Amino acid sequence: MKRLMSALGWAVLPLCAAAAEVVEYPEGYRNWTHVKSMVIEQGHALYESFGGIHHIYANESALRGYRAGEFPDGSVLVFDLLEAQAEDHALVEGPRKVLGVMVKDRTRFAATGGWGFEGFAGGDPNQRVVADKAAEACFACHAQQRERDYVFSSWRD
Ligand code: HEC
């Protein structure tokens, strides 16, 4: 029995370790609550990475988090970045550049403030741009917001 357990243990462990760090694609997020939008133009410090028009969405748990000031496990926040195109004196949405996602799970993502970070290029669930680089690529900047549970945006009525 002991032999069997240890054999199973070795087989299962790597799978668990991999699954523990994966941020799921936020299926159905376009039906969640819209929090805010913003246009980042050329000349802004974050233009290189985040230039364009973005919309932020929150699932139900995250919505409670904005109101409480602390986000419960299961909260998911989405940063939907599209190109901004000037058209006839208006800025309109172009193709999707990247979908940024934050998932709250204090156990799985303890190393990055309890939040898992991922980016999906063009919004494609199969094109992950962050993977194991969340600490440098995302958390390094979000860490400034420690007092607000690592979230920048806030809820307005
Ligand atoms: C240089 C700083 C910086 C980096 C790096 C950064 N973010 Fe953000 N992020 C922001 C700011 C500022 C906002 C708020 C934007 C707004 O108010 O519209 C934000 C907002 C978000 C939100 C909405 C929740 C919130 O905090 O308001 C998500 C989701 C998000 N970012 C994901 C990511 C992911 C995933 C990465 C890594 C690929 C990343 N961010 C890297 C600065 C950064």
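Above this text you will find the structure in question.
The structure contained in this document is the topic of the report that follows. The shown structure was predicted, so the numbers you read here are calculated from the model rather than taken from an experiment.

Here we look at the coordination of the iron atom of the ligand
Moving on, step 1. The protein supplies the iron atom of the ligand with one donor atom, His142 (NE2), which lies at 2.2 Å.
Moving on, step 2. By the element assignment, histidine 142 lies in helix H4 (residues 134–142).

Comments concerning helix H3 (residues 60–68)
Moving on, step 1. Those residues of H3 that fall on the buried side of the exposure criterion are Ser61, Ala62, Leu63, Gly65 and Tyr66.
Moving on, step 2. The inward-facing, buried residues of H3 contact strand E1 (33–40), strand E2 (52–58) and strand E3 (76–87).
Moving on, step 3. Looking one or two places after H3, you find glycine 69, whose phi comes out positive at around 90°.

So, the site of the ligand
Moving on, step 1. His54, Cys138, Cys141, His142 and Ser153 are the nearest of the 21 residues found near the ligand.
Moving on, step 2. In the model, an oxygen atom of the ligand is placed 2.9 Å from a nitrogen or oxygen of the phenylalanine 152 main chain.
Moving on, step 3. Separating an oxygen atom of the ligand from a side-chain N or O atom of serine 153 is a distance of 2.5 Å.
Moving on, step 4. Assessed atom by atom at 2 Å from the grid points, the ligand resides in the largest pocket.
Moving on, step 5. Counting residues per element, the shell around the ligand draws most heavily on H4, which supplies four residues.

Here's the deal with the packing of aromatic side chains
Moving on, step 1. Applying the stated rule across the entire model yields seven aromatic pairs.
Moving on, step 2. Residues phenylalanine 139 and tyrosine 150 carry aromatic rings whose centres are separated by 5.2 Å and whose planes lie at 50° to one another, so their mutual orientation is tilted. Residue phenylalanine 139 is found in helix H4, and its partner tyrosine 150 is found in the segment after H4; the two are separated by 11 residues along the sequence.
Moving on, step 3. Aromatic ring contacts, followed pair by pair, group Tyr66, Phe71 and Trp115 into a single cluster.

Notes on the environment of serine 61
Moving on, step 1. Among the secondary structure elements, serine 61 is positioned in helix H3.
Moving on, step 2. You can call serine 61 buried: its relative accessible area is 15%.
Moving on, step 3. In this structure, the C-alpha to C-alpha distance between serine 61 and proline 72, residues 11 residues apart in sequence, is 6.4 Å.
Moving on, step 4. Among residues more than four places away in sequence, those in contact with serine 61 are Pro72, Gly74 and Ser75.

Observations regarding the pattern of salt bridges
Moving on, step 1. In the structure shown here, the tally under the stated rule is eight salt bridges.
Moving on, step 2. Salt-bridge contacts for arginine 106 lead to aspartate 73; the nearest nitrogen and oxygen are separated by 2.9 Å. Highlighted residues: arginine 106 in the loop between strand E4 (90–104) and strand E5 (115–121) and aspartate 73 in the loop between H3 and E3, separated in sequence by 33 residues.
Moving on, step 3. Each member of the salt-bridge network shares a partner with another, and the members are Glu24, Asp105 and Arg108.

About the criteria used
Residues numbered from 1 in each chain as written. Predicted model: local features only at pLDDT ≥ 70, side-chain atom pairs only at ≥ 80, totals over all residues. Heavy atoms only, no water. Donors = N, O, S within 2.8 Å, 3.2 Å for Na, K, Ca; no water. Helix = DSSP H or I, 4+ residues; strand = E, 2+ residues; numbered from the N terminus. Buried < 20%, exposed > 50% of the residue type's maximum accessible area, 1.4 Å probe, protein only. Contact = heavy atoms within 4.5 Å. Near = heavy atom within 4 Å. Polar contact = N/O pair within 3.5 Å; in protein donor to acceptor, adjacent residues only side chain to side chain. 1 Å grid on protein atoms, 1.4 Å probe; cavity = no way out; pocket = protein on both sides within 12 Å on 5 of 7 lines; lining within 4 Å. Sits in = over half its atoms within 2 Å of the grid points. Phe/Tyr/Trp six-rings, centres within 6.5 Å; stacked < 30°, edge-to-face > 60°. Salt bridge = Lys/Arg side-chain N within 4 Å of Asp/Glu carboxyl O.

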